[in-house]
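# Residue-level structure breakdown
Next come the chains, spelled out residue by residue.
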Amino acid sequence: MKNSANISAYVLCGGKSTRMQSEKGLVLYKGKPFIRWIVEAIMPITSNIILVTSNGDYTFMGLPMIEDTYADKGPVGGIFTALNHTDTEQNLILSCDVPKITTSLLAKLTTESKQKDALITFLSDDKNDYPLIGVYKKKALKTFSDAISAEKLKLCPLVNSISHHKIIINTEEKSLVQNINSKAELHALNLLDL
Ligand SMILES: Nc1nc2c(ncn2[C@@H]2O[C@H](COP(=O)(O)OP(=O)(O)OP(=O)(O)O)[C@@H](O)[C@H]2O)c(=O)[nH]1
């Protein structure tokens, strides 16, 4: 069931892709660009999907695109741009480097987020937080604006410093949230999942 009136989705496609050395959201997993895998996983949750990027190479997706309000502020700047733009309380925010993400994991995230008062709900495991697979309330905007003013641009400490709820993923789900940052990781992914 679509609930596009209640939730927006923003995929962050900015940054430098230094480790991948080519635009991360456009590299191929099983012959399909990362961005397409991610958007297809989001579609059953909401059709209100926006890409946060100024890179015209993403226009083939046929989705709205918005530019960062503040350039070169990393994911914190991308999230600010999304929360400043949105007109929904709930906002699914994803990075463009998680091609194995699934609709069912995103549905778990969005459902739990609605039941919690926390400003941010995101996935986590025993070692890592995954704040770029998260739901951010519009009310979190001030946190991001303050962080940019103070040049506090590290996302993990920031999300842990305000009201948040972590959804602990199980062992099988760990491979679904893997972010692919380099050519070596991409190569391994395509080899393992052939
Ligand atoms: N809109 C926007 N997205 C960003 C920005 N910086 C990073 N991102 C996105 O945030 C996610 C995580 O990015 P990182 O892996 O931390 O950084 P990166 O610049 O993409 O890659 P590296 O240069 O290899 O660190 C990815 O989806 C990026 O596209 C930014 O300044 N603006």
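About the thresholds
Residues numbered from 1 in each chain as written. Predicted model: local features only at pLDDT ≥ 70, side-chain atom pairs only at ≥ 80, totals over all residues. Heavy atoms only, no water. Helix = DSSP H or I, 4+ residues; strand = E, 2+ residues; numbered from the N terminus. Rg over C-alpha atoms; globule rule 2.2 N^0.38 Å. Buried < 20%, exposed > 50% of the residue type's maximum accessible area, 1.4 Å probe, protein only. Contact = heavy atoms within 4.5 Å. Areas by Shrake-Rupley, 256 points an atom, 1.4 Å probe, with all protein chains shown as cover. Lys, Arg positive; Asp, Glu negative; His and termini not counted. Charge placed at Lys NZ, Arg CZ, Asp CG, Glu CD. Near = heavy atom within 4 Å. Polar contact = N/O pair within 3.5 Å; in protein donor to acceptor, adjacent residues only side chain to side chain. Arc of directions from axis to C-beta.

### Brief notes about the overall build of the protein
Looking only at helices and strands, the protein features seven helices and nine strands. Taking 194 residues into account, the globule formula puts the C-alpha radius of gyration at 16 Å, and the protein, at 16 Å, falls close to it. Residues counted as buried form 50% of the 194 residues belonging to the protein. For the protein, long-range pairs separated by at least 24 residues make up 72% of all intrachain contacts whose partners lie at least 6 apart in sequence. With an accessible surface of roughly 9,300 Å², the protein has 53% of that area assigned to carbon and sulfur atoms. Within the protein, one finds 22 positive and 20 negative side-chain charges whose respective centroids are separated by 1 Å.

### Structural notes on the site of the ligand
In the vicinity of the ligand there are 18 residues, among which Gly14, Thr18, Arg19, Lys24 and Asp68 approach most closely. Between Lys16 and the ligand, the recorded distance is 2.8 Å, taken from a backbone N or O atom to an oxygen atom. When the ligand is considered free in solution it has 620 Å² of accessible area, and contact with the protein chains removes 85% of it. Of the residues forming the shell around the ligand, the biggest block, three residues, is contributed by helix 2 (residues 74-85).

### What to know about helix 7 (residues 183-192)
Every buried residue of helix 7 is listed here: Leu186, Leu189 and Asn190. The arc enclosing the buried residues of helix 7, seen along the axis, measures out at 90°, which places them on a common side. Structural note: helix 7 exposes Ala184, His187, Leu191 and Leu192 on the side pointing more than 90 degrees away from its buried face. Contacts from the buried residues of helix 7 go to strand 2 (28-29) and helix 1 (34-42).

Distances and angles like these do not, on their own, reveal function.
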